[in-house]
Amino acid sequence: ADFSNAASITNYMKSVAPTTPLTGEMVLSSASKYNVDPKMIVAMMEQDSSFGTRGKGARTHNPGNVGNDDTGRLVDYGTWQAGVDAVAAWLSRHRV
């Protein structure tokens, strides 16, 4: 898939999860803000919440489940953009 432009990212996410509230614009904004590869953001969100459509991430504006855990702790970022930012920030802090 092409991750160089917002439309292509949106199309990819919708091909996996047609009802995703996330957009390629959100991904590219967060990638730029935190200097993280958009592919990494997309991969984490696909794995953790099927792009904000399943599980805890879907209920908490948290497509990467950043801060959510199996003890029942839930972190709601309030908006989907803030949730995508949380994924990019987490990835930025955990570079290898």
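Now for a description of the structure that goes with this document. (Residues numbered from 1 in each chain as written. Predicted model: local features only at pLDDT ≥ 70, side-chain atom pairs only at ≥ 80, totals over all residues. Heavy atoms only, no water.)

At a minimum axis separation of 9 Å, helix α2 (residues 24–34) and helix α3 (residues 38–49) run at an interaxial angle of 125°. When the axis of α2 is compared with that of α3, the two are oblique. In the crossing of α2 with α3, the sense of the turn from one axis to the other is right-handed. Here α2 contributes Val27, Leu28, Ser30 and Ala31 to the contact with α3, which in turn contributes Pro38, Ile41, Val42 and Met45. (Axes fitted to C-alpha atoms, helices over the stretch in contact; angles between N-to-C directions. Helix = DSSP H or I, 4+ residues; strand = E, 2+ residues; numbered from the N terminus. Parallel < 35°, antiparallel > 145°, perpendicular 65-115°, else oblique. Left-handed = near helix turned anticlockwise from the far one by under 90°. Contact = heavy atoms within 4.5 Å.)

Here α3 contains 12 residues, and its C-alpha end-to-end distance of 16 Å stays within 8% of the 16 Å for a straight helix at 1.5 Å per residue. Those residues of α3 not exposed but buried are Pro38, Ile41, Val42, Met44, Met45 and Ser49. Considered in projection along α3, the buried side chains sweep an arc of 165° and stay on one side of the axis. Those residues of α3 hidden inside the fold are in contact with α1 (6–16), α2, α4 (55–59) and α5 (80–93). Backbone geometry just after α3 places Ser50 at a positive phi near 50°. (Expected span 1.5 Å × (residues − 1). Buried < 20%, exposed > 50% of the residue type's maximum accessible area, 1.4 Å probe, protein only. Arc of directions from axis to C-beta.)

What follows covers the packing of aromatic side chains. For the coordinates displayed, the defined rule picks out two aromatic pairs. Ring geometry for Tyr12 and Phe51: centres 6.2 Å apart, planes at 85°, overall edge-to-face. Placement of the pair is Tyr12 in helix α1 and Phe51 in the loop between α3 and α4, with a sequence separation of 39 residues. Overall, Tyr12 belongs to the partly exposed group, its relative accessible area being 24%. On the basis of relative accessibility, which here comes to 0%, the residue Phe51 falls in the buried class. Among the aromatic residues, those joined into a ring-pair cluster are Phe3, Tyr12 and Phe51. (Phe/Tyr/Trp six-rings, centres within 6.5 Å; stacked < 30°, edge-to-face > 60°.)

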